[in-house]
Every structure is written in structure tokens, then in C-alpha cells.
Amino acid sequence: MDIKKVQNLINETVGQNYLIYEIDDFDKYTFAHYKHRDYDIDDQRGRLVGVGPVVLIKETGEYRLLSSAEMVTGDYLEYFYKKS
């Protein structure tokens, strides 16, 4: 995963106040989670409702900012359960 590319995507779509704080790598996808630079993730000011992490789809090399709907309707959610 190209971290600079992911941070640029975050800057362009949700703003420059958000920084990558965790990367999850799986066989099919890599996820980059981000949070507000000034607020912790457990603070309601530190997260965006309806916006998911950035995903790298390894098969195509595509980087996408996921919506919360895509997290539920796609096969992405099963990867988050694998993490636990």
C-alpha cells in the first residue's frame, strides 16, 4: 500500500485534518483507517459518520474511500471480523 497515495486521497475527499492511524492487510484487501489529527477515535469529533476506511483492492490495484453502505453490502465486512 502506498501510504502517500492514501493520505492524498484522504486529504482530497475528507480533508487535511485526518491522518492514517492503522493499516490492516489481508490477502484480498488492505485497509487504511484514519482519524482526526486533534481528536481520539473514541471522541465523536474524531470520526466521520458514513465514511469508511480507504481500501486497496489488490486484484486491481484500485484505491477507494469506502462508504458505510459499501462496508455492509460488499464482502469487506467479513475481513473486519477476521481481524478480531
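Here, the structure is the one placed above.
Being a predicted model, the structure only gives us computed values, none of them experimental.

Looking only at helices and strands, the protein has three helices and four strands in total. Order of helices (α) and strands (β) in the protein, N terminus to C terminus: α-β-β-β-β-α-α. What you see for the protein is a C-alpha radius of gyration of 12 Å, in line with the 12 Å of a compact globule of 84 residues. A principal-axis box enclosing the C-alpha atoms of the protein has dimensions of 35 × 25 × 20 Å. By residue count, 35% of the 84 residues in the protein fall in the buried class. A sequence separation of at least 24 residues applies to 39% of the contacts in the protein between residues at least 6 apart. With an accessible surface of roughly 5400 Å², the protein has 47% of that area assigned to carbon and sulfur atoms.

Strand order in the open sheet formed by four strands is β1-β2-β3-β4, with antiparallel pairing between adjacent strands. Every interior strand has two partners, whereas the edge strands, β1 (18-25) and β4 (62-67), have only one. On average, each strand axis in the sheet is inclined to that of its neighbour by 25°, with strand direction left out of account. One ladder, built from four bridges, connects strand β2 (residues 29-36) with strand β3 (residues 51-57); its direction is antiparallel. Opposite Tyr29, over in β3, you have Ile57 as the bridge partner. Contacts from helix α1 (residues 3-13) reach β1, β2, β3 and β4, with the element oriented near 135° to β1.

Before going further, it helps to examine a nonpolar patch on the surface. Taken together, the side chains of Met1, Ile3 and Ile23 make up a nonpolar region of the molecular surface, amounting to roughly 230 Å² of accessible area. Secondary-structure assignment places Met1 in the segment before α1. Here Met1 falls in the partly exposed class, since its relative accessible area comes to 33%.

For a regular strand, side-chain orientation follows a simple rule: the groups alternate between the two sheet faces. Summarising the sheet, β1 and β2 pair through seven bridges and their orientation is antiparallel. Pairing of Asp25 across the sheet is with Thr30, part of β2.

Rules used in this analysis
Residue numbers run consecutively from 1 along every chain, following the written order of its sequence. Whole-chain, interface and lining totals are the exception, using all residues; otherwise, since this is a predicted model, local features are given only for residues with pLDDT of at least 70 and side-chain atom pairs are given and counted only at 80 or more. To obtain the side-chain values, all non-hydrogen atoms of the structure were used and water was disregarded. Numbering of helices and strands starts at the N terminus; helices are DSSP runs of H or I of at least 4 residues and strands are runs of E of at least 2. Both definitions apply: the radius of gyration is a C-alpha atom measure, and the globule rule equals 2.2 Å times residues to the power 0.38. Categorising residues by exposure relies on relative accessible area from a 1.4 Å probe, with only protein chains included: less than 20% of the type maximum marks a residue as buried, more than 50% marks it as exposed, and the intermediate range marks it as partly exposed. What makes two residues a contact is simply this: any of their non-hydrogen atoms within 4.5 Å. Each accessible area is a Shrake-Rupley estimate made with a 1.4 Å probe; only the visible protein chains count as cover when residues are assessed. Think of it this way: DSSP has to see at least two bridges between two strands before they count as a pair. For every element, the axis is a line fit to its C-alpha atoms; helices are fit only across the contacting stretch, and the angle between N-to-C directions ranges from 0 to 180 degrees. Only residues whose relative accessible area exceeds 30% and that take part in no salt bridge are eligible for patches, with like-charged residues grouped when within 9 Å of each other and nonpolar side chains (Val, Leu, Ile, Met, Phe, Trp, Tyr) grouped when within 5 Å. Just to be clear on terms, a salt bridge is a Lys or Arg side-chain nitrogen sitting within 4 Å of an Asp or Glu carboxyl oxygen.

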